[in-house]
Each structure stands twice: as structure tokens, then as C-alpha cells.
Amino acid sequence: MSSTQTLVCVKQVKQEVVEEWDETMPLPGDIIEGIAEDSNDELLFVKAKGRSDFSLQLGKISRRREDLWLKVRRGESVLKLRVCVVPERSSKLQKKFTFRAASSDKHVAVLADLTFDQCCELQEMSRRVVNVEPIGFNQKGVKYDWKMKVGTYLPDRRSTVVSSIIFMSLATETCAEATTVRAMAWFTAAVSSGVPLVFINIQTEQIITSDKASPVEKETIWGRQQNHAATIQIMQGIRLWFLPGIEEKLVELTPQHGELRFGMDIKRTEEGFICVHGVTRGTAADRAGLRQLYEEAQKTKHLVIISRLEGKSLMPSKACSVGLIHCCDNADIKETLTSAMEDLDSIKLHIMSWPNNTTSTNPLRRAGAATLRPPT
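Keep in mind that this is a model prediction, so the values were computed, not measured.

Scanning the chain for helices and strands turns up 7 helices and 19 strands. Looking at the chain alone, contacts between residues at least 24 apart form 68% of all its contacts between residues at least 6 apart. Accessible surface, the chain: about 21,000 Å² in total, of which carbon and sulfur atoms supply 51%.

Right under this line is the structure:
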């Protein structure tokens, strides 16, 4: 099939509650093969030749009856779905028609002429969203002490431990491989500069954007139509998952009366991480063990990276479609530190740890029992 040939496809559905989707409903990515009033006779199915022609066929059927059978291709399977014809509310100049799931009046399909590759991308998104009942023993719910587990096994109650950054495709990137190359270049450059990242996984992520959003980075709209007048575009991003070193160490800086600053200098790396690049002797940062850690890192050409400040992540989170890296604002960090110093409040940092920075003589305290290594 030609990469430019288009097919009538379900581009999205207006039902925002994805938990209510099921396999008997039209789903994003479904390729429309035909419609019929009776599912028993294959000869009665009218082939979908294009979005506009298909809308006319729906309109003709709606004069006789509301419900009909829809034949769709989903992956390697061809399914017959019961649907109801409904008018498109966004159509003003000319009355157009679409359909909704017979089981839900909220599950209305938005149709479009898309390429086969675009349909497959949407089908993959739908596959991840729809809950498929597992084949096996019956299951039951059991109680779990989430509060205790989070407090015991995470470095901080607000920490997710694992982090990720999403790379939006540039205008010049026409395939996922090009964006993946850029993502891995960022990761390799960060590690080479001394940031202790541990690679976990990389995946494609389907994103639907609206031109009503900001010109720098358009807002992500998953499976919902925010504004009928907005132009909806399908974009593909690459999400890279990583761990912040082999563990995160908690460092608490406590100022004393008469001190004007915590005593650490920070800067941002090219890849968007916040690192310590100097510690003054005799200050709160020195007393907390940051100077010793910094001097050890200098010898091995590693960086002392702050992963979180007061529980809030300082990790870069996004590389937008114009190439900018979205990361924590230095002004916000400075304001947090200044406010704590003025009130003589202690401040908590989490430091990303390298394997050779875990000796028992290190004065830094571990955050509870949490380490980012398998148990031994």
C-alpha cells in the first residue's frame, strides 16, 4: 500500500473517559471498510471510498434507520460493530454525519482520511488504552497499605523514583528513528558529561496536538477534542525512561544564625540538569557533606546532580518540537533557597549517586531503605 494513499479512519472519539472504552466500540485507528443495515449478508456492505462519500452514505441510511453495522479493520482482524448514525455538530455549512457506539451516546467517532501508517499508530494507542480481560484464574481485590509502602520504600513520599523525558519530533524529522537518534544523543551526552543516568527504556508515544495551543509547544490532548474549530494534528514523540543513578541520597542543609547563604553554587548542564559546581567551607552545605561529595566527584570527573529540591523534581522533562529543552527555572530554585535562608529553615536535596560514591564513610544519609539497585 502506498504511503500517501489515504483510508477512512476513526481519528479520535469524543468520549473523554477512556476507562469506558471497550473492544465493541469504534476506536481510534479503526479503518472503515464498509457499512450495512444487515450484518448477515456481505454483499450488502457499502465500501467506504473516502471521508466525504462515507458521510453521504451515512446520511442516506439515517433517513431509513438510526442503527447499522460497521465493518472495520483493526490490526489483523476484521470486526463488525453495531453503531448509530449521528450528525456532526461541528458541521455548519453542510450537514455531515458520523456514528457513535450503540452502547454509549457519548462515544462519538471523529472521522478523517489518514494514511495506513497513521491508522496503525492510532491503533497502537487504542490497544494500550483498552483493558483486555486476561486469560487465567479469576481475580479478586486485596488490601494493600499504600501509605506505609510509599513511606518505607521511596526516597521521598513525592518521588516517583523513575524519571522520563519526552522528545517531540522536529519539523525535519519524518520518522520515529530520527527522533530516537536525537533522544539517545541527549542521553549519551548527559552520561558522558558526568550525569549518573541509568537507562531503562525508550518508547514511541502518540500525541494529538491542537493549533489553539502556544506556538512554541502545543498542548497534548489525548483522545479528546478540545475545540471543534481547532486543527488537530497527530504527532509522534519518543519518551526515554531512566533512573537517577544507582540511588538518590538525601542531604539536609541546616543554616545557623548569622549565615546569609547555604554555601553551594549551582549551574545547569547543557542537557538541562542542575549540578553543584562549588561548596564553601564552613557553610551549611559543607556541614551536610556536600563539599566532600563534590571533591570526590571532581577526582573522577563526575557531576554532583541535584535530582529534587524539597521533594520537587529538577529533572528536564521535555524537548519540544523546536528543539528547546524544558527544565526547571533557575529563578524558582533561587527563590526557594532564599526563602528558606531568610526563615532559617533547613532545606532538603536529593543527590544522584554514582556506584563509587556509596562508601560507608560518606556522611550523607540514605533516604530510608530506598536504593535503586536490586536487593542482594
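Moving on from the model shown.
The next subject is helix H4 (residues 176-193). The end-to-end C-alpha separation of H4 is 26 Å, in line with the 26 Å expected for 18 residues at 1.5 Å each. Within H4, burial applies to Ala176, Thr179, Ala183, Trp186, Phe187 and Ala190. All buried residues of H4 fall inside an arc of 90° around its axis, so they share one side. Opposite the buried face of H4, by more than 90 degrees, sit the exposed residues Glu177, Val181 and Ser192.

So, on to the nonpolar core. Judged by nonpolar contacts, the single largest core of 26 residues is most densely connected at Leu253, Met264, Leu290 and Leu349. When residues of this core are traced back to their parent elements, those giving at least two are strand E11 (247-253), strand E13 (274-279), helix H5 (284-287), helix H6 (290-300), strand E14 (304-309), helix H7 (330-342) and strand E18 (347-353). Beyond its immediate stretch of four places on either side in the chain, Leu253 contacts Phe262, Met264, Ala284, Ala285, Ala288, Leu290, Asp345, Ser346, Ile347 and Leu349. Membership of the second largest hydrophobic core comes to 22 residues, among which are Leu68, Val83, Leu111 and Val130.

This part takes up the side chain of Gln123. Topologically, Gln123 is positioned in helix H2 (residues 116-129). Within the structure, Gln123 has its side chain in polar contact with the backbone nitrogen of Gly75 (distance 2.7 Å).

Below, the discussion takes up the environment of Met25. By the secondary structure assignment, Met25 is in the loop between strand E1 (6-13) and strand E2 (31-36). When its relative accessible area of 4% is taken as the criterion, Met25 is described as buried. For the pair Met25 and Leu81, spaced 56 residues apart in sequence, the C-alpha separation works out to 6.8 Å.

What follows covers the packing of aromatic side chains. Given two aromatic rings, their pairing is described by the distance between the two centres and the angle made by the two planes. All chains considered together, the criterion is met by 6 aromatic pairs. An angle of 85° between the planes, with centres 6.2 Å apart, marks the rings of Phe54 and Phe99 as edge-to-face. In this pair, Phe54 sits in helix H1 (residues 51-62) while Phe99 sits in strand E6 (residues 97-101), placing the two residues 45 residues apart along the sequence. Neither Phe54 nor Phe99 differs from the other in exposure class; each is buried. One aromatic cluster in this structure is built from Phe167, Trp186, Phe242 and Phe273.

Here the focus is the side chain of Ser307. In this fold, Ser307 is placed in strand E14. At 2.5 Å, the side chain of Ser307 forms a polar contact with the side chain of Glu248. In contact with Ser307, other than residues within four places in its own chain, are Glu248, Lys312, Ser313, Leu314, Met315, His350, Ile351 and Met352.

For the rest of this paragraph, the subject is H6. Considered for burial, the residues of H6 that qualify are Leu290, Arg291, Leu293, Tyr294 and Ala297. End-on, the buried residues of H6 take up no more than an arc of 160°, which puts them together on one face. Phi turns positive, to about 60°, at Lys301, one or two residues after H6.

Here Lys301, not a glycine, exhibits a phi torsion of approximately 60°, which is positive. If you trace the backbone, Lys301 turns up in the loop between H6 and E14. Positive phi, close to 55°, is recorded for Leu344, a residue that is not glycine. For Leu344, the position within the fold is in the loop between H7 and E18.

In this structure, His257 sits in the loop between E11 and strand E12 (264-268). A residue is classified by how much of its surface remains accessible, and His257, at 75% relative accessible area, is exposed. For the pair His257 and Met341, spaced 84 residues apart in the sequence, the C-alpha separation amounts to 9.8 Å.

Of all residues in the chain, 81% have pLDDT values of 70 or greater, and the mean over the chain is 82. Of all the helices and strands in the chain, strand E19 (residues 365-366) carries the lowest mean pLDDT, 38, while strand E17 (residues 325-326) carries the highest, 95. Low confidence marks residues 213-230, where pLDDT is under 50. Its contacts with residues over four positions away, or in another chain, come to 46 contacts. Segment residues 357-376: pLDDT under 50, and 48 contacts once partners within four positions in sequence are set aside and those in other chains are kept.

Calculation notes
- Residues numbered from 1 in each chain as written.
- Predicted model: local features only at pLDDT ≥ 70, side-chain atom pairs only at ≥ 80, totals over all residues.
- Heavy atoms only, no water.
- Helix = DSSP H or I, 4+ residues; strand = E, 2+ residues; numbered from the N terminus.
- Contact = heavy atoms within 4.5 Å.
- Areas by Shrake-Rupley, 256 points an atom, 1.4 Å probe, with all protein chains shown as cover.
- Expected span 1.5 Å × (residues − 1).
- Buried < 20%, exposed > 50% of the residue type's maximum accessible area, 1.4 Å probe, protein only.
- Arc of directions from axis to C-beta.
- Core = buried A, V, L, I, M, F, W, Y, C linked by side-chain atoms within 4.5 Å.
- Polar contact = N/O pair within 3.5 Å; in protein donor to acceptor, adjacent residues only side chain to side chain.
- Phe/Tyr/Trp six-rings, centres within 6.5 Å; stacked < 30°, edge-to-face > 60°.
- pLDDT = per-residue confidence, 0-100.

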